[in-house]
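Observations on chain architecture
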Amino acid sequence: MASMRDIKRRKSSIQGTQQITKAMKLVSTVKLQRARAEAESSKAYFDCMYETVNHILSRVGNLEHRYLTPGKARKKAVIVITSNRGLAGGYNSSVVKLVTQNSEWTPEDLKIYAIGNKGRDALQRGGYHVEALDSRIMEEPAYGDAMKLAGRLLEEFSKEEIGEIYLAYTSFKNTVSHEPVLRRLLPVERNLDARNRVESKDPLMNFEPRESQALDLIIPKYVTSLIYGALVEAAASENGARMQAMDNATNNAEDMINDLAIKYNRARQGSITQELTEIIGGAEALQI
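Residues numbered from 1 in each chain as written. Predicted model: local features only at pLDDT ≥ 70, side-chain atom pairs only at ≥ 80, totals over all residues. Heavy atoms only, no water.

Secondary structure summary: the protein contains six helices and five strands in total. The secondary structure elements of the protein, listed N-terminal to C-terminal, are α-β-α-β-α-β-α-β-β-α-α. In the protein, buried positions account for 40% of the 288 residues. Across the protein, every contact between residues at least 6 apart in sequence was considered, and the portion connecting residues at least 24 apart equals 77%. Accessible surface, the protein: about 16300 Å² in total, of which carbon and sulfur atoms supply 50%. (Helix = DSSP H or I, 4+ residues; strand = E, 2+ residues; numbered from the N terminus. Buried < 20%, exposed > 50% of the residue type's maximum accessible area, 1.4 Å probe, protein only. Contact = heavy atoms within 4.5 Å. Areas by Shrake-Rupley, 256 points an atom, 1.4 Å probe, with all protein chains shown as cover.)

Let's shift gears to the packing of aromatic side chains. According to the stated counting rule, one finds six aromatic pairs in the structure shown. Consider the rings of Trp105 and Tyr166, whose centres lie 5.1 Å apart with planes at 70 degrees: the pair is edge-to-face. One end of the pair, Trp105, is in the loop between helix H2 (91-100) and strand S2 (110-115); the other, Tyr166, is in strand S4 (residues 164-174), with 61 residues separating them in the sequence. Among the aromatic residues, those joined into a cluster by ring pairs are Tyr45, Phe46, Tyr143 and Tyr228. Residue placement shows Arg183 over the ring face of Tyr50; its charged tip is 4.8 Å from the ring centre. (Phe/Tyr/Trp six-rings, centres within 6.5 Å; stacked < 30°, edge-to-face > 60°. Lys NZ or Arg CZ within 6 Å of the ring centre and 35° of its normal.)

This part is about the side chain of Thr224. Tracing the sequence through the fold places Thr224 in helix H6 (residues 211-287). On the accessibility criterion, Thr224 (6% relative accessible area) is buried. A polar side-chain atom of Thr224 sits 2.9 Å from the main-chain carbonyl oxygen of Pro220. Those residues in contact with Thr224, other than ones at most four positions away along the chain, are Tyr143, Ala146, Met147 and Ala150. (Polar contact = N/O pair within 3.5 Å; in protein donor to acceptor, adjacent residues only side chain to side chain.)

Summed over all chains, the structure comprises 18 salt bridges. Across the pair Lys159 and Glu155 runs a salt bridge whose closest N-O atoms are separated by 3.0 Å. Connected via shared salt-bridge partners are Lys111, Glu131, Arg152 and Glu156. (Salt bridge = Lys/Arg side-chain N within 4 Å of Asp/Glu carboxyl O.)

Two elements in contact, helix H1 (residues 4-57) and H6, have axes whose closest approach is 5 Å; the angle formed by their N-to-C orientations is 160 degrees. Taken together, the axis directions place H1 and H6 in an arrangement best described as roughly antiparallel. Seen from above, H1 lies across H6 with left-handed handedness. Taken together, the residues that form the contact of H1 with H6 break down as 33 nonpolar, 12 polar and 16 charged. (Axes fitted to C-alpha atoms, helices over the stretch in contact; angles between N-to-C directions. Parallel < 35°, antiparallel > 145°, perpendicular 65-115°, else oblique. Left-handed = near helix turned anticlockwise from the far one by under 90°. Nonpolar A, V, L, I, M, F, W, Y, C, P; charged D, E, K, R; others polar.)

This part is about the confidence of the model for the protein. For the protein, per-residue confidence averages 86 on the pLDDT scale, and residues scoring 70 or more make up 92% of the total. Element-level pLDDT for the protein is lowest in helix H5 (residues 192-197), with a mean of 51, against a maximum mean of 96 in strand S1 (residues 76-81). (pLDDT = per-residue confidence, 0-100.)

With that settled, consider unusual backbone geometry. Excluding glycine, residues mostly have negative phi values, and the peptide bonds linking residues are mostly trans. A cis amide bond links Leu186 with the next residue in sequence, Pro187, at an omega value of -10 degrees. Relative to the helices and strands, Pro187 is located in the loop between strand S5 (177-186) and H5. Even without being glycine, Leu87 reaches a positive phi, approximately 60 degrees. Among the secondary structure elements, Leu87 is positioned in the loop between S1 and H2.

In this section: H2. Where H2 is concerned, the buried positions are Tyr91, Asn92, Val95, Val96, Leu98 and Val99. Around the axis of H2, the buried residues are gathered within 145 degrees of arc, so they sit on the same side. In this structure, the buried residues of H2 make contact with S1, S2, helix H3 (117-125), S4, S5 and H6. (Arc of directions from axis to C-beta.)

Here we come to the environment of Asn117. Inspection of the secondary structure assignment puts Asn117 in helix H3. For the pair Asn117 and Asp134, spaced 17 residues apart in sequence, the C-alpha to C-alpha distance is 8.1 Å. If we ignore the near neighbours within four places in the chain, the residues touching Asn117 are Ser83, Asn84, Leu133 and Ser135.

With that out of the way, let us pick up the pairing of strand S3 (residues 130-133). As paired strands, S2 and S3 are joined by three bridges and run parallel to one another. Considered in S3, the bridge of Ala114 is made with Leu133. (Pairing = 2+ DSSP bridges.)

In this section: the packing of helix H4 (residues 143-158) against H6. Interhelical geometry of H4 versus H6 gives an angle of 130 degrees and a closest axis separation of 8 Å. As summarised for this structure, H4 and H6 are arranged oblique, according to the angle between their axes. Viewed along their axes, H4 and H6 form a crossing whose handedness is right-handed. Touching Tyr143, Ala146, Met147, Leu149, Ala150 and Leu154 of H4 are Pro220, Lys221, Val223, Thr224, Ser225, Ile227, Tyr228 and Leu231, all from H6. For the contact of H4 with H6, the class distribution of residues is 11 nonpolar, two polar and one charged.

Here's what the structure looks like:
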């Protein structure tokens, strides 16, 4: 059995850790409120953009366009959005698994565009090639950053350096619910359900300017919007996951402190009992 001094030292150490986890929980709560407001305020626009593009594609027939067909290049670009810091439960590992556990891919097929240090580190350990890293974006996601990244990827896609573009991130549902998502950006996925809902009597959509010119304008905005929407949702999810992790850590520390308090009291009671036994034994020895 541990001594009273060891128990007291361990209890003091856990109390110090608990103060840190409490502080981190409060910080994450404040950041979550701001990130959640940003995600919720922008979600309507990005959802509308996604539905609009699918609505258009469901009414253009079998249109041939460079953004609608896979490129000839074997390489696929994957934007992996994780955090720069840990202590967020399974937040980072869930996103990394979207890439590493995809049976249709091999590390040689992919060019990773990492946003966040944790994803970069995990994928490099797994043998994946990280083409680019920008850890700064996750500190304060901005639309300009999404536009810059989208422009680079669209240029590589047009030059046939990559054949497909994917996005791996964590979708923010609510404070306690976050879902890892893998979405293909290019070639644009056509929503079959939306297409099936279009009745045969509905006329096909006419474009002014031509279809190819219209898609040249709208698809880059569509890709940029989805990237930025993923950034703000990932930021909210990260802070929500960290808040939960720190709350669990704080509660576990409290349980450990209570358990150590019981052990300390038992050790103290045993020490007092032993001292009384020794005193009584000494007194009886003197009487003899």
